[in-house]
Amino acid sequence: MKAIIKYISSIFKALKSLFRGMAVTGHYISHPKEIITQQYPENRETLKMFDMFRGEVVLTHNERNEHRCTGCSACEVACPNGSIEIISKRIEMPDGKKKKVIDKFVYHLSMCTFCNLCILSCPTDAIKMSQDFEHAVFDRSQLTKVLNKTGSKLMEGVR
Amino acid sequence: MYDFKSLTDSIHTSLSAGLSPIMVTIIEFVIIAFAFMILFTLLGLILVYAERKICAFFQLRLGPMRVGKWGMAQTAADAVKLIFKEPLVTKNADKFLFNLAPFIIILSTFLALGAMPFAKGLHALDFDIGVLYLTAVSSIGVIGILIAGWSSDNKYSLIGAMRSGAQVVSYELSVGLSLLTVVVLAGSLQFSEIIASQEAGWWIFRGHIPALIAFVIFMIAGTAETTRGPFDLPEAESELTAGFHTEYSGLKFAFFFLAEFVNMFIIAGIGATVFLGGWMPFHIGNWEGFNRVMDFIPPLFWFFGKVTFLIFLMMWFKWTFPRLRIDQLLRLEWKYLLPINLVNILVMAFIVLKGWQF
């Protein structure tokens, strides 16, 4: 007797669980707004990557063409595969002191693994990861970038 | 309600005016064959597109979107690709059987498609043993699957073919018995009479709970018989690469692929005909006005609407449930579906004997 009750209840249990599964997929098909596929080349204008996305390293400049990089080369040391080279120079300040500033912030995108260690190691928050991910170019040499803009200088008060 | 018999009769009389009876028969055969070939191709194209789209929507994707508006021309492009692909044959394959297998499968689908009642009078083969013929013919396909698996000299193909043999032979029983439940009600094996007996209402509503149980069992067993959905063990792509059609390419693969989708249409068509009244509009007992309004919708729309609904249901099964293991598959059939079905048919016979159906 017990076996028969178990047999019959197992059928109803199975049907219940099957209907529960069908309710989930039924919800999906009846809510086309929840579709997560993005049509990439068409939605280029409106496409927004998520906040933590690591596209490429950029040196932030403000509107007066100033950056926050002091040339301490902590990022160069932190980089595990040598994607960053900091070429610094010494300039003479108006008060006669000599100061070290960056000449070129060279970034090899072709070698970068987007590990984020350079950004974490930067003491002045000069560099960050951008959202840009369309890196394809026709020549490998274009992947070596100089990140500081021409004529840019160190922001006041950053040391 | 438009009767297609007037159209077919006019074609027949205009042909027999100037030709001998044998020629008339041959020409009529050719016309019907062409009609079914066109239907077959159209069904394949539409169902593959529908499957890909619906499967995508069930998984919160968009599916094919690039070829044509909303990816409409995707299946046509796929068909062109398959036609131009090279038909490869494995080195140690049994060449004759290897080439024969897709044709046996296509043959069984065509034979089954012939017995489909599409609308009033639009019915190629109306045997007085229609249900028996259809169940017999649709199980020829498994021979094709077995031959394909055996001849392609591939262990995965062979395992897939053996699984499909076990599966189709078992589930054939449930399909037959659940159809018999309604045959008991309708009192006939002929499809046109089964449909005519549903004039006052479809059997699924009039046959109390046993008809509903039979319908559920038919849908489960029918899905298993087309080797689709949660029962796609013969081709289980994560275990057997592609099962019995691993070694097939090009047009021969397209045959297997098309046959699978048209088989789904056939199972949905049988289900619609036997349980949901085929091309018969939705009638309620003797509500004359309501029945008259329903008669304005043409029978073709009723038939294809019901079939579309059942196909959607099968796709829903496929994209919701996980695949069964072979032992679970056989346990479901022999320990659950078959005993329930036998009890169900007894209850139905008792109901009919007492005249309790509506």
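The shown structure was predicted, so the numbers you read here are calculated from the model rather than taken from an experiment.

With respect to the overall build of chain A
Along the backbone of chain A there are three helices and seven strands. Going from N to C terminus, chain A has its helices and strands arranged as α-β-β-α-β-β-α-β-β-β. The C-alpha radius of gyration of chain A comes to 28 Å, more than 25% above the 15 Å expected for a compact globule of 159 residues. Along the longest, intermediate and shortest principal axes, the C-alpha atoms of chain A span 100 × 40 × 30 Å. The buried share of chain A, taken over its 159 residues, is 30%. Of the contacts formed within chain A by residues at least 6 apart in sequence, a portion of 70% connects residues at least 24 apart. For chain A, the exposed surface amounts to about 11,400 Å²; the carbon and sulfur share of it is 59%. Separation of charge centres in chain A, based on 24 positive and 17 negative side chains, amounts to 11 Å.

Examining the packing of helix H1 (residues 2–30) of chain A against helix H14 (residues 299–318) of chain B
Interaxial distance between H1(A) and H14(B) falls to 10 Å at its minimum, and their mutual angle equals 115 degrees. In terms of orientation, H1(A) and H14(B) fall into the roughly perpendicular class. Both H1(A) and H14(B) take part in a crossing whose hand is right-handed. Taken together, the residues of H14(B) that come into contact with H1(A) (itself represented by Met22(A), Thr25(A), Gly26(A) and Ile29(A)) are Phe312(B), Trp316(B) and Phe317(B). Considering only residue class, the contact of H1(A) with H14(B) consists of five nonpolar, two polar and no charged.

Notes on the pattern of salt bridges
Under the criterion given, the structure shown has twelve salt bridges over all chains. When the shortest N-O distance is used, the salt bridge between Glu42(A) and Arg66(B) registers 2.7 Å. Residue Glu42(A) is located in the loop between H1 and strand S1 (57–59), and its partner Arg66(B) is located in the loop between helix H2 (21–58) and helix H3 (74–84); the two belong to separate chains. For the residue pair Glu42(A) and Arg66(B), the accessibility class agrees, reading exposed in each case. A salt bridge links Arg44(A) to Glu134(A); its shortest N-O distance comes to 2.9 Å.

What to know about the packing of aromatic side chains
In the structure shown here, the tally under the stated rule is 25 aromatic pairs over all chains. Its end group placed over the ring of Tyr156(B), Lys155(B) keeps NZ or CZ at 5.8 Å from the ring centre.

Focus on the confidence of the model for chain A
A low pLDDT score tells you not to read the predicted coordinates there in detail. Looking at chain A, the pLDDT average stands at 85 and 99% of residues meet or exceed 70. Taken element by element, the predicted model of chain A shows its lowest mean pLDDT in strand S7 (residues 153–154) of chain A (78) and its highest in helix H3 (residues 117–121) of chain A (90).

Topic: the side chain of Thr75(B)
Residue and element names in this part refer to chain B. Its location among the elements puts Thr 75 in helix H3. According to the relative accessible area criterion, Thr 75 is buried, its value standing at 8%. The residues contacting Thr 75, other than those within four sequence positions of it, are Leu 45, Val 48 and Tyr 49.

Topic: the environment of Ile11(A)
One can find Ile11(A) in helix H1. Linking Ile11(A) and Gly96(A), residues 85 residues apart in sequence, is a C-alpha distance of 91 Å.

Each value, and the rule that gives it
- Residues numbered from 1 in each chain as written.
- Chains lettered and ligands numbered in written order.
- Predicted model: local features only at pLDDT ≥ 70, side-chain atom pairs only at ≥ 80, totals over all residues.
- Heavy atoms only, no water.
- Helix = DSSP H or I, 4+ residues; strand = E, 2+ residues; numbered from the N terminus.
- Rg over C-alpha atoms; globule rule 2.2 N^0.38 Å.
- Buried < 20%, exposed > 50% of the residue type's maximum accessible area, 1.4 Å probe, protein only.
- Contact = heavy atoms within 4.5 Å.
- Areas by Shrake-Rupley, 256 points an atom, 1.4 Å probe, with all protein chains shown as cover.
- Lys, Arg positive; Asp, Glu negative; His and termini not counted.
- Charge placed at Lys NZ, Arg CZ, Asp CG, Glu CD.
- Axes fitted to C-alpha atoms, helices over the stretch in contact; angles between N-to-C directions.
- Parallel < 35°, antiparallel > 145°, perpendicular 65-115°, else oblique.
- Left-handed = near helix turned anticlockwise from the far one by under 90°.
- Nonpolar A, V, L, I, M, F, W, Y, C, P; charged D, E, K, R; others polar.
- Salt bridge = Lys/Arg side-chain N within 4 Å of Asp/Glu carboxyl O.
- Phe/Tyr/Trp six-rings, centres within 6.5 Å; stacked < 30°, edge-to-face > 60°.
- Lys NZ or Arg CZ within 6 Å of the ring centre and 35° of its normal.
- pLDDT = per-residue confidence, 0-100.

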